[in-house]
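Structure at a glance
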Amino acid sequence: MTENVSGNIQASGMDNGADIGKIVGKQSVAFKNPPYIISASSIAGKKEGEGPLGALFDQIVEDPMFGQENWESAESELMKMTAQLALAKAGLKNTDIRYLIGGDLLCQLIATSFGIAELGIPVFGIFGACSTMGEAMILGSALVEGGFAEKVMAITSSHFAGAEKQFRFPLDYGNQRPYSASWTVTGSGAVIISNQQDPKKKDGEPDLVITGFTTGKIVDYGIKDSMNMGAAMAPAAFETIKQNFEDFNIRPDYYDRIITGDLGYIGKNILLEFLKEQNYDISGQHMDCGIEIFNQEDQDTHAGGSGCGCSAITFAGYILKQLKERKWKRVLFVPTGALLSQVSYNEGNTIPCIAHAVMVEAR
Amino acid sequence: MGRKVVLMEKEKNKIAEILQEKNKAVRDEKYKQYVEQVTPKFSIVKNCIAAYIVGGIICVIGQGLTNFFLSRTGDLELSKAYTTLCLVFLSVFLTGVGLYQKLAKFGGAGTLVPITGFANSVAAPAVEYKKEGQVFGIGCKVFTIAGPVILYGIFSSWVLGLIYYILKQIGIV
């Protein structure tokens, strides 16, 4: 394992000039020409706007209906606005984007399909539950670095009311949420990944690049309680992060931050304990988007934020900003997803989970 | 202090055990126990007190209404029917303006058990699924939460009726 001049990790011995040199360890990839993140946009709902990260999002929309007739259309509108904003911030037109890779939590990805229809960009719709942003960025950067696209947009969204309606109860139904339950974030985040540097980058600002990734496996430790997603997803995050360390032969301090998607308070503790048991202490680096996005006490969000939008807007609004201001240099972004459906839950199944790790660097 | 260290040591062994366990069923069971330990729970005492207060207030309102109607009509059965109507209306109204859920968050079973809880469980889906149309929305989904109560409520009263009938025939009751 060597670190070359550009700071890009390469597996030594495997790098013989052929593309095979990009494959690292069991589940990872290190890019030779790390693709650039040239634009990012984040739009959030009212509650998220009132949270600790509120000021960092590009736009806060107070109307939970986003001017639409129903929750599903509201989320579609939200995603469309976010995609358009990412384009506008980069000074690009929709025709400049070769592929759009996106998904959401609603059945058959209707928020995505209806939301981006009129953009007319070739699309890959993906489902990774709340890990969707990680999956979209992995696939997008691989397409760009592999030479199959100049620019790709990775996008995802979630909406509190839409998710409640689909996975839990009607909004006005009087029930008590347990302390382990999370609060689905209303928000949408997008990034544009390019094979060219950001032309609008100011002097002295670093390039934001995706240097590699570790793709997660389905991990299921038998948790059935859909009101405790953090505990269900923690083992998935554990295995992916551990695999990333092993594949690249690095220690946690290689990163300035290791950022999970929506483990919340309970999942975070389990993750830290599990990694500590394997002699990886990440307590100095770890951060969870679900914990950052809400003020647990004041906003009454119990275990923390969740949903595709949770990690997506935190990444687009907060994490990229920290990298751009050189406060952090290297981060491991690990969105986590619980891949259950209401049918699988009703049939008494366990919750299969996944976590994808994206390596992002300011250089 | 010493006890805390011992506890932490015990916790650590537990995690090692989970991670080293090769049998998935055993590992899952151990993990489940560990998760139960680290997940915070509601205080049952606090919940009971809140439920007692809120449920009690709803019942007092109900009794007040009954007394009021009784003084007007002099007919107890009729007064009870009016009371039910009023409570159901009140619950549906509060659901419609989004207040019932807030009350339930505090009151828990205190808001669930009285008839107001049942009304809420029918009104909430009606509000939510209205967008999906009168037939496939409200029509099909209005009893998503109350459905099991209605079905098994009627079924169990049928079973009890049957038992009562049999006992009556053989002269026990």
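Residues numbered from 1 in each chain as written. Chains lettered and ligands numbered in written order. Predicted model: local features only at pLDDT ≥ 70, side-chain atom pairs only at ≥ 80, totals over all residues.

**Description of the overall build of chain A**
Within chain A, the regular secondary structure consists of 11 helices and 19 strands. Relative to its length of 363 residues, chain A is compact, with a C-alpha radius of gyration of 19 Å against a globular reference of 21 Å. Taken along the three principal axes of its C-alpha coordinates, chain A extends 60 × 50 × 35 Å. Taken over 363 residues, chain A has a buried fraction of 57%. (Helix = DSSP H or I, 4+ residues; strand = E, 2+ residues; numbered from the N terminus. Rg over C-alpha atoms; globule rule 2.2 N^0.38 Å. Buried ≥ 20, exposed ≤ 12 C-beta atoms within 10 Å, placed from the backbone.)

**A short note on the environment of Trp158 of chain B**
Mapped onto the elements of the fold, Trp158 of chain B is located in helix 9 (residues 147-169). Residues Trp158 of chain B and Ile170 of chain B, spaced 12 residues apart in sequence, show a C-alpha to C-alpha distance of 19 Å.

**Description of the packing of helix 3 (residues 44-73) of chain B against helix 5 (residues 100-107) of chain B**
All names here are of chain B. It is the contact of helix 3 with helix 5, at a shortest axis distance of 8 Å, that shows an interaxial angle of 135°. Between helix 3 and helix 5, the interaxial angle falls into the category oblique. In this structure, helix 3 uses Ala50, Ala51, Val54 and Gly55 to contact helix 5, whose residues at the interface are Leu103, Phe106 and Gly107. The residue inventory of the contact of helix 3 with helix 5, partitioned by class, reads five nonpolar, two polar and no charged. (Axes fitted to C-alpha atoms, helices over the stretch in contact; angles between N-to-C directions. Parallel < 35°, antiparallel > 145°, perpendicular 65-115°, else oblique. Contact = placed C-beta atoms within 7 Å. Nonpolar A, V, L, I, M, F, W, Y, C, P; charged D, E, K, R; others polar.)

**As for the domain arrangement of chain B**
We note that the domain assignment places domain 1 (2-38) and domain 2 (44-142) within chain B. If you average the C-alpha positions of domain 1 of chain B and of domain 2 of chain B, the two centres end up 44 Å apart. (Domains from an automatic or database assignment.)

**A short note on the pairing of strand 13 (residues 257-260) of chain A**
Consecutive side chains of a regular strand alternate in pointing toward one face of the sheet and then the other. All names here are of chain A. Neither face of strand 13 is left uncovered, since the one carrying Arg257 and Ile259 and the one carrying Ile258 and Thr260 both have all their residues buried. Sheet topology places strand 13 next to strand 16 (residues 330-334); four bridges connect them, and they run parallel. Note that in strand 16 the partner of Ile259 across the bridge is Phe333. Where strand 13 meets strand 14 (residues 286-288), three bridges bridge the pair, whose relative direction is parallel. (Pairing = 2+ DSSP bridges.)

**Quick word on the nonpolar core**
Soluble globular proteins tend to pack their nonpolar side chains together in the buried interior. With 121 residues, the main nonpolar core has Val152, Met153, Ala154, Met233 and Ala237 of chain A as its most contacted residues. The leading source of residues in this core is helix 6 (residues 229-248) of chain A, at 11 residues. In this structure, Ala50, Val54, Ile58 and Leu103 of chain B belong to the second largest nonpolar core, which totals seven residues. (Core = buried A, V, L, I, M, F, W, Y, C linked by C-beta atoms within 7 Å.)

**Description of the pairing of strand 12 (residues 208-214) of chain A**
All names here are of chain A. Counted residue by residue, strand 12 has seven buried out of seven residues, so it is predominantly covered. In the sheet, strand 4 (residues 28-30) pairs with strand 12 via three bridges, with the strands oriented antiparallel. Pairing of Ala30 across the sheet is with Gly212, part of strand 12.

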